[in-house]
Amino acid sequence: MADVLVIGATGTTGSLVAAFLRDRGVPVRPASRMHGLPGHVRFEWADPETHAPALSGASAVYLVAPIGVAEPAPLVAPFLNEATRQGVRRVVLLSSSAVSESATGLGALHGLVRTSAPEWTILRPSWFMQNFAGDSLALRTRDGEILSATGQGRVAFIDAGDIASVAGHALTDEAPHNTEHLLTGPEALSYTEVADAIARHTGRPLRHTAVTADELARHFAVHGLPPDFATTLAALDADISGGAEDRVTDTVERITGRPAGTFRDFCAREIR
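Here the structure is a predicted model, which is why all the values come from computation and not from measurement.

Chemist: Tell me about the sheet that holds strand 1 (residues 3-6), residues and numbers included.
Modeler: Sheet architecture is open: seven strands sit in the order 3-2-1-4-5-6-10, paired in parallel fashion. Single-partner strands in this sheet number two, and they are strand 3 (41-42) and strand 10 (179-183). As judged from the five bridges shared by strand 5 (residues 90-94) and strand 6 (residues 119-125), these two strands associate in the parallel manner. Directly across from Leu-93, in strand 6, lies its bridge partner Ile-122. In the packing of helix 3 (residues 73-85) onto the sheet, the strands contacted are strand 1, strand 4 (58-64) and strand 5, and the crossing angle to strand 4 comes to about 170°.

Chemist: Account for the packing of aromatic side chains, naming residues and giving values.
Modeler: Applying the stated criterion to the full structure yields nine aromatic pairs. Ring geometry for Trp-45 against Phe-79: centres 5.1 Å apart, planes inclined by 75°, an arrangement best described as edge-to-face. Pair noted here: Trp-45 is in the loop between strand 3 and helix 2 (51-55) and Phe-79 is in helix 3, with a separation of 34 residues, a long-range link. By relative accessible area, Trp-45 is classed as buried at 8%. Three or more aromatic residues joined by ring pairs make a cluster, and in this case those are Phe-132, Phe-157, Tyr-191, Phe-263 and Phe-266. Positioned over the ring face of Phe-20 is Arg-24, at 3.6 Å from the centre of the ring.

Chemist: An account of the nonpolar core is needed here, citing residue identities and associated values.
Modeler: Grouped together as the largest cluster of nonpolar side chains are 32 residues, with contacts concentrated most on Phe-132, Phe-157, Ile-198, Phe-263 and Phe-266. Elements that contribute at least two residues to this core include exactly helix 5 (134-140), strand 8 (145-148), helix 7 (191-202), helix 8 (213-222), helix 9 (227-241) and helix 11 (263-270). Looking at this core element by element, the count peaks at six residues for helix 7. Not counting residues up to four positions away in its chain, the partners in contact with Phe-266 are Met-129, Gln-130, Phe-132, Ala-133, Asp-159 and Ile-271. Membership of the second largest hydrophobic core comes to 28 residues, among which are Leu-21, Val-26, Tyr-62 and Val-252.

Scoring rules and cut-offs
Residues numbered from 1 in each chain as written. Predicted model: local features only at pLDDT ≥ 70, side-chain atom pairs only at ≥ 80, totals over all residues. Heavy atoms only, no water. Pairing = 2+ DSSP bridges. Helix = DSSP H or I, 4+ residues; strand = E, 2+ residues; numbered from the N terminus. Contact = heavy atoms within 4.5 Å. Axes fitted to C-alpha atoms, helices over the stretch in contact; angles between N-to-C directions. Phe/Tyr/Trp six-rings, centres within 6.5 Å; stacked < 30°, edge-to-face > 60°. Buried < 20%, exposed > 50% of the residue type's maximum accessible area, 1.4 Å probe, protein only. Lys NZ or Arg CZ within 6 Å of the ring centre and 35° of its normal. Core = buried A, V, L, I, M, F, W, Y, C linked by side-chain atoms within 4.5 Å.

Okay, structure coming up:
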């Protein structure tokens, strides 16, 4: 089998996709914009000269869109054209459960991948459990509080490892998936339930405090997020409050043959 190019191979899902493939003996070409990283090929969305060398000899691509780019299609479309020219057959795109196919934004990549790759998969995972670990959790906390604008809305948070497992199957299964996969964890939780679960695990008080989307955006901006991105992120919380993410699918188990990991399992493994 020819190499699988993994874009964003040092990231949350990319690193796990690369590990999944290596564990199964699949040749992996991890790509990163970091210079001189051992075993990695250099890839930078903003530098088209890195695209063709990264794609050379690859048969499949795990595609993570440019980070922080509001309209990624102008960068991704030429890359997909080059991939087609070089004979790449399969592309697996990491998108989001909050994003549907559209003419703009991340949603525009759905159609690009679907129409340019002979074999394709769109991954639409729910919010990552890893958002509650390390610096990601610190972004949402304040003096023993976890802040959200979700009210009592619920989210079926998913472990990044389960996303990577589905991606690995989509990249390597003999039959192409040629579909969108809506990926969730096994239970929908409110932020109050999440805070309670983390507090039980750590033994340290943590409560959920509901704030408005504007208040949350200001909190994110104070903690270093660009104002526009902070506003967008807070607006997604408001969508959750209206029930946008209150759903559970069995996709992880159908594709991988094992149930999706629980939030309790995640806490035991990654929350300190």
